[in-house]
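# Chains, contacts and geometry: an overview
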Amino acid sequence: MANRVVLAYSGGLDTSVAVRWMIENMGVEVVCLSADVGQEGTLEGNREKALGAGAIAYEELDLREEFARDFLAPVIKANALYEGQYPLVSALSRPLIVKHQVELARKYSADGLAHGCTGKGNDQVRFEVSSMALAPELEMLAPVRNWGFTREDSINYAAEHSIPVGATREKLYSIDDNLWGRAIECGEMEDPWAEPPEGVWKMTVPSATEERDLVIGFEAGVPVSVDGRTMALHELIIELNHVVGSYGWGRLDMVENRRVGIKSRETYEAPGALAVMMAHADLESITLERDLQREKLRLEHRYAELVYDGLWFSPLKEAMDAFVDASQEPVTGEVRLHLEPGRCFVTGRRAPKSLYDYGLATYDAADRFRHADSEGFVRLWGLGVQTWSAIQGPGSR
Ligand code: ARG
């Protein structure tokens, strides 16, 4: 059994109760790590809460820049959307947090890590598998999975042990958010037919009424500017969240397959992520050679599955990153998005190394395409099915 663990500490009810519960029931010392990954709530008060619950130390890290650079840039380049839709919001912050838990474990000579996830979700998988990959020698404690408390029990436990928590008995939704978006689960939405109440949305509350354009600039597959203003990736995403979100665009409502075998109804809002990935994929349409683009499309689904399933740190994911990176050098250029209430769509793209050749594409007088070449090409292209038809297919009957 571990003697000292580093807990990924959100400051919420579960992780606050977990501090004391692990001390009492698992006999460990607890170091708390609170990470700023761009979530809405502040970390203010977390130090007092963690130490008040009995932690021996509290560390707070602003990870927004690293999150954008090392976790969001790769998924933008990979157009990674789980089951074709979900931009992997929660699946991306977990491996980053684990990386820093491991660093703190070394700093505090801890021999274990801990998280506050339940046994039904994906996040436990991501925390634990990331830890197994980065520091196989560390033990991982999952108190919330062990204690069998209801929310009521947790609140009572906090009261009995004078653990400062701001929680109320009525909590409708389970929310996880960061720079890349926001996931809203539970409440009435556990019925997949029930429409999400308007009140669940925070990042996509419509307020803008004027139509406008937004030009996103990319360098080697990574967004670097908005309307010609260069900015750091985390700032760019924050800006896109505000602008695109104000048009009420960027919501998802889906039933997804969790790693643990449950189908779950999920609502997400990720205005910046979805806009920037739409723009990136579009820029690839003019900058990637056909076979490379097609093969990449096939890999993108697999890439998203790996990340979703907790395999951020894995040899296949590493090899796929190498493939994706090798494809991105020409993906430099600009994409123009048009925004109007409830809508966001591409209206133009350009790139210095665009493969779009006007002389080949045009139907006007500038046409340079050699039409006569097509005759022989098509005859050979169809030769196989022509032979099949005459001997076995419709032509033989
Ligand atoms: N279903 C999403 C995922 O697995 C969102 C998870 C959100 N986590 C939460 N604690 N509410 O990535």
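In what follows, the structure referred to is the one given above.
Residues numbered from 1 in each chain as written. Predicted model: local features only at pLDDT ≥ 70, side-chain atom pairs only at ≥ 80, totals over all residues. Heavy atoms only, no water.

### Topic: the overall build of the protein chain
A count of helical and extended segments in the protein chain gives 14 helices and 14 strands. Along the longest, intermediate and shortest principal axes, the C-alpha atoms of the protein chain span 85 × 55 × 45 Å. Of all 397 residues assigned to the protein chain, the portion counted as buried reaches 50%. Sequence separation of at least 24 residues holds for 72% of the intrachain contacts in the protein chain that already meet a minimum separation of 6. Carbon together with sulfur atoms contributes 52% to the accessible area of the protein chain, which is approximately 19300 Å² in total. One finds the centroid of the 41 positive side-chain charges in the protein chain at a distance of 3 Å from the centroid of its 62 negative side-chain charges. (Helix = DSSP H or I, 4+ residues; strand = E, 2+ residues; numbered from the N terminus. Buried < 20%, exposed > 50% of the residue type's maximum accessible area, 1.4 Å probe, protein only. Contact = heavy atoms within 4.5 Å. Areas by Shrake-Rupley, 256 points an atom, 1.4 Å probe, with all protein chains shown as cover. Lys, Arg positive; Asp, Glu negative; His and termini not counted. Charge placed at Lys NZ, Arg CZ, Asp CG, Glu CD.)

### Comments concerning the packing of aromatic side chains
The relative placement of two aromatic rings is captured by the distance of their centres and the angle of their planes. Counted according to the given criterion, the structure contains nine aromatic pairs. Ring centres of Phe-71 and Trp-312 lie 4.8 Å apart, and the angle between their planes is 25°; this geometry places the pair in the stacked category. A residue pair is termed long-range when its members are at least 10 positions apart, and Phe-71 in helix α3 (residues 64–77) and Trp-312 in the loop between α10 (290–308) and α11 (315–327) qualify at 241 residues. The pair formed by Phe-71 and Trp-312 is uniform in burial state, with each residue classed as buried. Residues Phe-377 and Trp-381 carry aromatic rings whose centres are separated by 6.2 Å and whose planes lie at 15° to one another, so their mutual orientation is stacked. One end of the pair, Phe-377, and the other, Trp-381, are both in helix α13 (residues 371–381), four residues apart, so they sit about a helical turn from each other. The exposure class of Trp-381 is exposed, given its relative accessible area of 71%. (Phe/Tyr/Trp six-rings, centres within 6.5 Å; stacked < 30°, edge-to-face > 60°.)

### Some words on the site of the ligand
Neighbouring the ligand are 13 residues, the closest being Tyr-86, Asn-122, Ser-174, Glu-185 and Glu-256. At 2.7 Å, a side-chain N or O of Asn-122 approaches an oxygen atom of the ligand. Contact with the protein chains removes 88% of the 350 Å² of surface that the ligand exposes when unbound. Secondary structure elements with two or more residues in the shell around the ligand: α5 (123–134), β6 (174–178), β7 (181–185) and β12 (263–269). (Near = heavy atom within 4 Å. Polar contact = N/O pair within 3.5 Å; in protein donor to acceptor, adjacent residues only side chain to side chain.)

### What about the nonpolar core?
Counting residues in each nonpolar core, the largest one holds 83 residues, and the members touching the most others are Leu-88, Leu-92, Trp-180, Val-276 and Leu-337. The dominant element in this core, judged by the number of residues it contributes, is helix α4 (residues 89–107), at nine residues. Setting aside residues no more than four positions away along its own chain, Leu-88 makes contact with Val-75, Ala-80, Tyr-82, Ala-304, Val-307 and Tyr-308. Formed by 27 residues, the second largest nonpolar core is a distinct cluster that contains Ala-18, Val-28, Ala-50 and Ala-53. (Core = buried A, V, L, I, M, F, W, Y, C linked by side-chain atoms within 4.5 Å.)

### Focus: the packing of α10 against α11
Put simply, α10 and α11 touch, their axes get as near as 10 Å, and they point 145° apart. Between α10 and α11 lies a crossing whose hand is left-handed. When α10 is examined against α11, the residues Leu-292, Glu-295, Lys-296, Leu-299, Arg-302, Tyr-303, Leu-306 and Val-307 are found in contact with a partner set consisting of Leu-316, Lys-317, Met-320, Asp-321, Phe-323, Val-324 and Ser-327. Grouping the amino acids of the contact of α10 with α11 by side-chain chemistry returns nine nonpolar, one polar and five charged. (Axes fitted to C-alpha atoms, helices over the stretch in contact; angles between N-to-C directions. Left-handed = near helix turned anticlockwise from the far one by under 90°. Nonpolar A, V, L, I, M, F, W, Y, C, P; charged D, E, K, R; others polar.)

### Brief notes about the sheet that holds strand β4 (residues 112–114)
Sheet architecture is open: five strands sit in the order β3-β2-β1-β4-β5, paired in parallel fashion. Each edge of the open sheet carries a strand with a single partner, namely β3 (57–62) and β5 (139–141). Strand-to-strand twist in this sheet, taken as the mean axis angle between neighbours without regard to direction, amounts to 25°. Pairing of β4 with β5, which is carried by three bridges, proceeds in the parallel orientation. Residue pairing for β5: Gly-112 is matched across the bridge by Glu-139. Each of β1 (4–8), β2 (29–36), β3 and β4 is contacted by α4, which is oriented at about 155° to β1, the strand it contacts most. (Pairing = 2+ DSSP bridges.)

### Side note on the sheet that holds β12
The strand order β6-β7-β12-β11 describes an open sheet built from four strands, whose pairing is antiparallel. Edge positions in the sheet fall to β6 and β11 (251–257), since each has one partner strand and no second. On average, adjacent strands in this sheet sit at an angle of 25° to one another, irrespective of strand direction. Here three bridges tie β7 to β12, and the two strands are oriented antiparallel to one another. Paired with Ala-183 across the bridge in β12 is Tyr-268.

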